[in-house]
Amino acid sequence: MNLARWGVVPYITAWSSEETSPVAVVVRGGRIAYADERAEDRDGSGVLWTRIGFSPGVGVPEFKSVHFFRQREAMRRLLCQVCGTPCGKSGLWMLSQEEYESADGPWPAPVMTAHPPVCPGCVERSARLCPHLRRGYVVLRPRRVAPAGFSGMLYRPTRAGLAPSDATIAHNDPRTRWLRATQLHVQLEDYDVISLGNMIITDPRSATLRSTG
Ligand SMILES: [Zn+2]
């Protein structure tokens, strides 16, 4: 993988050459499967993933689209979502105001995100490049990162065949057998708040944040 060639484009950004082609989804062994399934279509826990080409650097970057496999790899291996290098324990997590406010309880309530970590050197760049952070963000350093769930297309068997719909479900939900995943979500637990981007805290006990921008 030639990271240098990707230049200013974030590691997880999808490129125009990386196409998703239509594939036939069937039911096999009590779960959905591809008619022509290959080993690499499932992750380590057996969840089926949406197929996408892999050709970073070819074509034009699609900044609003995340590449499914690179997103998953960045989450699993804690790679910086901007430069692709392993972050380990120094990884920082940048959450938008909306994501952070969705935390179920006061600080530091566990918070769920589909945005992989960034290395300390990429924080500033990420704030500039990521559209979802423009309205304000918070930077967290968690002591624990746990698997939380998947987004993708959830298939429901009906008399007329399989009916797909967009869904996000927990990683241990039995319906993962009926999911064609596109993103991995994790839960950040026991974290320190490192900085508050352009947000200000209006009430630290209730985690109510307000954007200054
Ligand atoms: Zn980085």
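Residues numbered from 1 in each chain as written. Predicted model: local features only at pLDDT ≥ 70, side-chain atom pairs only at ≥ 80, totals over all residues. Heavy atoms only, no water.

A. Molecular detail of the confidence of the model for the protein chain. For the protein chain, per-residue confidence averages 87 on the pLDDT scale, and 87% of positions sit at 70 or higher. When mean pLDDT is compared element by element in the protein chain, strand S4 (residues 48–49) scores highest at 98, while strand S12 (residues 208–211) scores lowest at 42. pLDDT under 50 marks residues 1–6. Its contacts with residues more than four places away, or in other chains, come to 11 contacts. Scored below 50 in pLDDT, residues 200–213 shows 30 contacts in the model against residues more than four places distant or in partner chains. (pLDDT = per-residue confidence, 0-100. Helix = DSSP H or I, 4+ residues; strand = E, 2+ residues; numbered from the N terminus. Contact = heavy atoms within 4.5 Å.)

B. Quick peek at the packing of aromatic side chains. Counted by the stated rule, this structure contains 1 aromatic pair. Taking the ring centre of Phe54 as reference, the NZ or CZ of Arg70 above it sits at 5.2 Å. Note that Arg72 overlies the ring of Trp49, its terminal NZ or CZ placed 4.9 Å from the centroid. (Phe/Tyr/Trp six-rings, centres within 6.5 Å; stacked < 30°, edge-to-face > 60°. Lys NZ or Arg CZ within 6 Å of the ring centre and 35° of its normal.)

C. Summary view of the coordination of the zinc ion. Listed as protein donors to the zinc ion are Cys80 (SG), Cys83 (SG), Cys119 (SG) and Cys122 (SG); their distances from the metal cover 2.3 to 2.4 Å. One can describe the site at the zinc ion as tetrahedral: its 4 donor atoms subtend angles covering 101 to 115° at the metal. Mapped onto the sequence, the residues coordinating the zinc ion show the spacing C-x2-C-x35-C-x2-C. (Donors = N, O, S within 2.8 Å, 3.2 Å for Na, K, Ca; no water. Tetrahedral: all angles 85-135°; square planar, octahedral: opposite > 155°, others 65-115°.)

D. Seen up close, the side chain of Thr176. Inspection of the secondary structure assignment puts Thr176 in the loop between strand S9 (161–170) and strand S10 (179–195). For Thr176, a relative accessible area of 14% gives the class buried. Ignoring sequence-local partners within four residues, the contact set of Thr176 consists of Val47, Phe150, Ile169, Ala170 and His171. (Buried < 20%, exposed > 50% of the residue type's maximum accessible area, 1.4 Å probe, protein only.)

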